[in-house]
Amino acid sequence: MATRIMAGRPTPKSSRRSSNSSTTRGTTTKPTAPAPTPDEARELLEIKLAQLNSLLWCCYGDGNGWFEEAGEKHRDNMLWIAADLAREAEMLLEVSAPK
């Protein structure tokens, strides 16, 4: 029996830490899913924006200094999450916008 369960994909190395890394954030291959309808996209967009708002509030919003104290690795990962959420929100906005 396994003593440790690994969920999800491993975190790629930051381009700042390794200049010869071939992995670029945001370019991982994901299984394709059917495109959401405009109504589904609008609902998903609301969810992504709420997540992004909460994430950024935790990083900066209450001014508690946690973000600065988190360390480079955690700050890098938090900003990566924020960038992914913003990119996903932008794509969902394009799908949900009337044509």
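Reading the values: the criteria
- Residues numbered from 1 in each chain as written.
- Predicted model: local features only at pLDDT ≥ 70, side-chain atom pairs only at ≥ 80, totals over all residues.
- Heavy atoms only, no water.
- Axes fitted to C-alpha atoms, helices over the stretch in contact; angles between N-to-C directions.
- Helix = DSSP H or I, 4+ residues; strand = E, 2+ residues; numbered from the N terminus.
- Parallel < 35°, antiparallel > 145°, perpendicular 65-115°, else oblique.
- Left-handed = near helix turned anticlockwise from the far one by under 90°.
- Contact = heavy atoms within 4.5 Å.
- Core = buried A, V, L, I, M, F, W, Y, C linked by side-chain atoms within 4.5 Å.
- Buried < 20%, exposed > 50% of the residue type's maximum accessible area, 1.4 Å probe, protein only.
- Salt bridge = Lys/Arg side-chain N within 4 Å of Asp/Glu carboxyl O.

**Q** Let's hear about the packing of helix α1 (residues 38–61) against helix α3 (residues 72–96): which residues, and what values?
**A** Direction vectors running N to C along α1 and α3 enclose 155°, while the axes themselves pass 8 Å from each other. Between α1 and α3, the interaxial angle falls into the category roughly antiparallel. Our pair here, α1 against α3, has a crossing hand that is left-handed. Two secondary-structure elements touch here, α1 through P38, A41, R42, L44, L45, K48, L49, Q51, L52, L55, L56 and C59 and α3 through M78, I81, A82, L85, A86, E88, A89, L92, L93, V95 and S96.

**Q** Explain the nonpolar core to me, using residue names and the numbers behind them.
**A** Counting seven residues, the largest nonpolar core consists of L52, L55, C59, F67, M78, A82 and L85. Put simply, the parts of the chain that give this core at least two residues each are α1 and α3. With residues up to four places along the chain from it excluded, the contact list for C59 reads F67 and M78.

**Q** If you had to explain the pattern of salt bridges to someone new, which residues and values would you point to?
**A** For the coordinates displayed, the defined rule picks out three salt bridges. In this structure, the salt-bridge partner of K48 is E88, at a minimum N-O distance of 2.8 Å. In this pair, K48 is assigned in helix α1 and E88 in helix α3, connecting sequence segments 40 residues apart. Judged by its relative accessible area of 21%, K48 falls in the partly exposed class.

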